[in-house]
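# Coordinates in review
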Amino acid sequence: MTKTVMVVDDDIPNLTVMGLLLKKLGYVAVTHNNGWNAIAAIKEEMPDLVLLDLMMTPIDGWQFLDEIKKEGIIGLPVMLFTAKYIRDEEIEPYKNEITLILQKPVSFKELEATLGEFFSSRS
């Protein structure tokens, strides 16, 4: 069964490239440039994984995580996909929601290996 990966990032060129890379890797790519729209889409159909940028508007990645918790969305695997250096104290409140941190920029091979390991560990 093909896995669905949602990318949430307000950088349109980055979102476009990630969508293409995910499709090339055989995933169904769902992209959103707005955290609110992504949350609404998750309520309709939960993806198998969310790649979440932290530095975005109108809500940032931390606010996105707070909102999905408030909405009662449970069991959604989220992988941070960011160029931001993350301090331990920033991630601590979200350690149960975040499965991994993928630092931007990410190579095709790194994305392939990371997603492959993630999905094979959940089978």
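These lines cover the structure that appears in this document, whether it is placed above or below.

## So, the packing of helix 1 (residues 12-24) against helix 5 (residues 108-121)
Helix-helix packing is characterised by the crossing angle of the two axes and by the distance between the axes. Axis separation between helix 1 and helix 5 bottoms out at 11 Å; the angle between their running directions is 60°. One element, helix 1, and the other, helix 5, form an angle in the oblique class. The interaxial crossing formed by helix 1 with helix 5 has right-handed handedness. Contacts from Met18, Leu21, Leu22 and Lys24 of helix 1 reach helix 5 at Phe108, Leu111 and Leu115. Split into classes, the residues belonging to the contact of helix 1 with helix 5 amount to six nonpolar, no polar and one charged.

## Looking at the packing of aromatic side chains
Counted under the stated rule, the structure contains three aromatic pairs. With a centroid separation of 5.4 Å and an interplanar angle of 35°, the aromatic rings of Tyr27 and Phe119 are classed as tilted. With a gap of 92 residues between them, Tyr27 in the loop between helix 1 and strand 2 (28-32) and Phe119 in helix 5 connect regions that are remote in the sequence. Plain terms: the ring middles of Phe118 and Phe119 are 4.9 Å apart, the flat faces sit at 75° to each other, and that makes the pair edge-to-face.

## Some points on the side chain of Thr82
Here Thr82 shows up in strand 4 (residues 78-82). For Thr82, a relative accessible area of 0% corresponds to the buried category. Not counting the four nearest positions on each side in its chain, Thr82 is found in contact with Asp53, Leu54, Met55, Leu102, Gln103 and Lys104.

Conventions used here
Residues numbered from 1 in each chain as written. Predicted model: local features only at pLDDT ≥ 70, side-chain atom pairs only at ≥ 80, totals over all residues. Heavy atoms only, no water. Axes fitted to C-alpha atoms, helices over the stretch in contact; angles between N-to-C directions. Helix = DSSP H or I, 4+ residues; strand = E, 2+ residues; numbered from the N terminus. Parallel < 35°, antiparallel > 145°, perpendicular 65-115°, else oblique. Left-handed = near helix turned anticlockwise from the far one by under 90°. Contact = heavy atoms within 4.5 Å. Nonpolar A, V, L, I, M, F, W, Y, C, P; charged D, E, K, R; others polar. Phe/Tyr/Trp six-rings, centres within 6.5 Å; stacked < 30°, edge-to-face > 60°. Buried < 20%, exposed > 50% of the residue type's maximum accessible area, 1.4 Å probe, protein only.

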